[in-house]
Amino acid sequence: MLNLALQKWRAKEPSLGIWSNLPDIHMAEVLCRMDVDWICFDLQHGLMDYSDLTRLLPAITGVPTTPLVRVAANQPEQIGKALDAGAQGVIVPMVNSADDARRAVAACRYPPQGSRSCGPMRDAMLEGMSYLATANQQVACLVMIETAEGLRNLDEIAAVEGVDGLFVGPMDLCYGLGLAPGNFTDPAFTGAIAAILKACEKNALAAGIFGVSGEMAANSIASGFDFASIGTDISFIRAGALQTLSAAQGKGKDNAPNPRGGY
Ligand code: 3PY
Ligand code: MG
């Protein structure tokens, strides 16, 4: 298995991705044919569960868009099942300490580097057991920094061996900083982002962020992030529908009401 998104992150080439919250295989087929490097299926907040994932991942096989899964929690069962279903990387939410990060890494790596249990279902269907020889190198382990505790322990988390990147959850991070979610211009927020980018640079990690809009993704890449999501399937539908409705009402598509971004 060659994880194309991970290659880009390692080469420090910026990459954009799409966030998938809806368990619709046709939507996934369409979205991962856009010019994006990765798509993330969200089992934490997305309106999908594990059995949806077992259909979504095959639907996009063969397309050079790296499939990632945000697991619902930092548990080896969750991480192992997402990887066995064919995810090439996991985004692990609410990582608060170096121990949390070590647990996430261990769940992603086969022994001796970790303790992932051997049972590569779809991976073995697609490429046979040779998957085992490359999995530890090619599976991306991305841990989320999105709490006050995670921020306090940022340097220790970033130094954990086997972590490939830090991924910012900006909305929870606002909560962690005592800010209203979405207050991304507050100096406390921008200071936290600067610290996260610095920790990534120091430890040669990829820096990623959940972008709530195309503009936010572009600004994030310009400010030093290696990868950012450009929006969610739901936000694309909402924005497209509002633009089309606005055009149909004679207001012009550029005068559509603000789609409210986000999810
Ligand atoms: C956050 O912004 O906290 C996220 O986790 C994105 O879903
Ligand atoms: Mg979050």
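Right above here is the structure, for reference.
As the structure is a prediction and not an experimental result, all values here were calculated from the model.

Caption draft 1: How the structure looks around the coordination of the magnesium ion (ligand 2). Taken together, the protein donors to the magnesium ion (ligand 2) comprise E146 (OE) and D172 (OD), at separations of 2.0 to 2.1 Å. With E146 in the loop between β5 (140–145) and α8 (148–152) and D172 in helix α10 (residues 170–176), the pair connects residues that are 26 residues apart, well separated along the chain. Looking at D172, the relative accessible area reads 24%, which means it is partly exposed.

Caption draft 2: Quick peek at the packing of helix α4 (residues 76–84) against helix α5 (residues 98–108). Interhelical geometry of α4 versus α5 gives an angle of 35° and a closest axis separation of 9 Å. When the axes of α4 and α5 are compared, the crossing they make is right-handed. Here α4 contributes P76, I79 and L83 to the contact with α5, which in turn contributes A104, A107 and C108. Taken together, the residues of the contact of α4 with α5 break down into 6 nonpolar, no polar and no charged.

Caption draft 3: Up close: the side chain of D42. Residue position: D42 is located in strand β2 (residues 38–42). In this structure the side chain of D42 is engaged in a polar contact, spanning 3.0 Å, whose partner is the side chain of W19.

Caption draft 4: Here's a closer look at helix α3 (residues 50–59). D52, L53, L56, L57 and A59 are the residues of α3 that are buried. Mapping the buried residues of α3 onto a view down its axis gives an arc of 155°, with all of them on the same face. Its buried side turned inward, α3 meets α2 (25–31), β2, β3 (66–70), α4 and α6 (121–127).

Caption draft 5: How the structure looks around the packing of aromatic side chains. Counted by the stated rule, this structure contains 6 aromatic pairs. The interplanar angle of 25° and the centroid separation of 4.2 Å between the aromatic rings of W9 and F227 together place this pair among those described as stacked. Within this pair, whereas W9 is found in helix α1 (residues 4–10), its partner F227 is found in strand β8 (residues 227–232), the two being separated by 218 residues in sequence. Like W9, the residue F227 is buried in the burial classification. An aromatic cluster of at least three residues, connected via ring pairs, comprises W9, W19, W38, F167, F210 and F227.

Caption draft 6: Representation of the sheet that holds β2. Pairing within the closed barrel is parallel, and its 8 strands lie in the order β1-β2-β3-β4-β5-β6-β7-β8. Across the sheet, the mean angle from the axis of one strand to that of its neighbour is 25°, orientation sign disregarded. Examined bridge by bridge, strand β1 (residues 15–20) and β8 share 4 bridges and lie parallel to one another. Counted as the bridge partner of S15 is F227 from β8. Contacts from α4 reach β3 and β4 (89–92), with the element oriented near 150° to β4. Together, β1, β7 (206–209) and β8 form the strand contacts of helix α12 (residues 214–222), whose direction differs from that of β8 by roughly 175°.

Rules of the game
Residues numbered from 1 in each chain as written. Chains lettered and ligands numbered in written order. Predicted model: local features only at pLDDT ≥ 70, side-chain atom pairs only at ≥ 80, totals over all residues. Heavy atoms only, no water. Donors = N, O, S within 2.8 Å, 3.2 Å for Na, K, Ca; no water. Helix = DSSP H or I, 4+ residues; strand = E, 2+ residues; numbered from the N terminus. Buried < 20%, exposed > 50% of the residue type's maximum accessible area, 1.4 Å probe, protein only. Axes fitted to C-alpha atoms, helices over the stretch in contact; angles between N-to-C directions. Left-handed = near helix turned anticlockwise from the far one by under 90°. Contact = heavy atoms within 4.5 Å. Nonpolar A, V, L, I, M, F, W, Y, C, P; charged D, E, K, R; others polar. Polar contact = N/O pair within 3.5 Å; in protein donor to acceptor, adjacent residues only side chain to side chain. Arc of directions from axis to C-beta. Phe/Tyr/Trp six-rings, centres within 6.5 Å; stacked < 30°, edge-to-face > 60°. Pairing = 2+ DSSP bridges.

Nothing here speaks to function; it is geometry throughout.
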